[in-house]
Amino acid sequence: MTPEQIDNPIAKVESKEALILADLAAIFQDLGATMHTCSHLIELLKEDSKDQILIESLWTSALIRYARCFTASKRFGLSESIFDGLQGDPVGAHRLYINLRNKHIAHSVNPFEQMEVGVILSPVKSAEKEVLGVATLSMRLISHDVEGIRQLGTLAKVVMEKVSKLAKDYEQKVIEEARKIPIDDLYKRPRLRLVAAGPESAGKPRP
């Protein structure tokens, strides 16, 4: 939309092409957020930040925003075919980040998070050998290194460029479909609007 078109009426359309275009726009936003989050995270690591909560939160956010682009449920989801024609092993890198999100962030089922419990014993040479207490050891990946984070950001940027081209194709399809509808019918349609969801919507599926 150009600045000159801001005040123009916008008729709502709900064709299959329009719904896919809306999903592609949401995916584009998620990829952009992934890319910018990775850039911010790299700066923190270069500054040798000690704020581990912030570092882990940003890394978690980047993985989640990236992975949801490839989840097909209520919305159109990308497939690994988006990497067709690219050099190197983008699919291998992609699967690494998807597995980190699925098996480390969403569910703790891989070695990136470990917790062990043992009992503390009295010294070997003590007169009386006994159990003195309990000890726990933990290890958790809070973030990849700079190179791993940069790779995720680059991957998001590459996919973003492909999504942008795909979205332009669907924009054209939406225009072509709209031009088949009588113009007076379009003017009578509800205007495009968004309504902020309240707390009661947290457990409801998206329409």
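Quick caveat: nothing in here was measured; it's all calculated off a predicted structure. (Residues numbered from 1 in each chain as written. Predicted model: local features only at pLDDT ≥ 70, side-chain atom pairs only at ≥ 80, totals over all residues. Heavy atoms only, no water.)

> Any chance you could explain unusual backbone geometry here in plain terms?
Glycine aside, residues mostly have negative phi angles, and peptide bonds mostly take the trans form. Phi angles above zero are rare outside glycine, and aspartate 48 is one such case at about 60°. Its place among the elements puts aspartate 48 in the loop between helix H1 (16–46) and helix H2 (52–67). (Helix = DSSP H or I, 4+ residues; strand = E, 2+ residues; numbered from the N terminus.)

> It is not clear to me how the side chain of aspartate 30 should be interpreted in this structure. Could you clarify?
Residue placement: aspartate 30 occurs in helix H1. In contact with aspartate 30, not counting residues within four places along its chain, are Arg65, Arg68, Cys69 and Arg75. (Contact = heavy atoms within 4.5 Å.)

> For this particular structure, what's the right way to read the packing of aromatic side chains?
Pairs of aromatic rings are described using the distance from one ring centre to the other and the angle between the two planes. As enumerated under the stated definition, the model contains three aromatic pairs in all. The interplanar angle of 75° and the centroid separation of 6.3 Å between the aromatic rings of tryptophan 59 and tyrosine 97 together place this pair among those described as edge-to-face. With tryptophan 59 in helix H2 and tyrosine 97 in helix H3 (residues 90–105), this pair connects stretches of sequence that are 38 residues apart. Grouping residues by exposure puts tryptophan 59 and tyrosine 97 together as buried. Here the aromatic rings of phenylalanine 70 and phenylalanine 83 are separated by 6.0 Å at their centres, their planes lie at 10°, and the arrangement is stacked. Here the residue phenylalanine 70 occupies a position in the loop between H2 and H3, and phenylalanine 83 occupies one in the loop between H2 and H3, the gap between them amounting to 13 residues. Owing to a relative accessible area of 15%, phenylalanine 70 belongs among the buried residues under this scheme. (Phe/Tyr/Trp six-rings, centres within 6.5 Å; stacked < 30°, edge-to-face > 60°. Buried < 20%, exposed > 50% of the residue type's maximum accessible area, 1.4 Å probe, protein only.)

> Would you mind going over a nonpolar patch on the surface with me for this structure?
Taken together, Val117, Val119, Leu121, Val131 and Val134 make up a surface patch of nonpolar side chains, about 510 Å² in accessible area. At the level of elements, strand S1 (113–121) and strand S2 (131–140) are the ones that each hand at least two residues to the nonpolar patch. The element that contributes the greatest number of residues to the nonpolar patch is S1, accounting for three residues. (Patch = residues over 30% accessible without salt bridge, like charges linked within 9 Å, V, L, I, M, F, W, Y side chains within 5 Å. Areas by Shrake-Rupley, 256 points an atom, 1.4 Å probe, with all protein chains shown as cover. Salt bridge = Lys/Arg side-chain N within 4 Å of Asp/Glu carboxyl O.)

These figures capture arrangement, not role.
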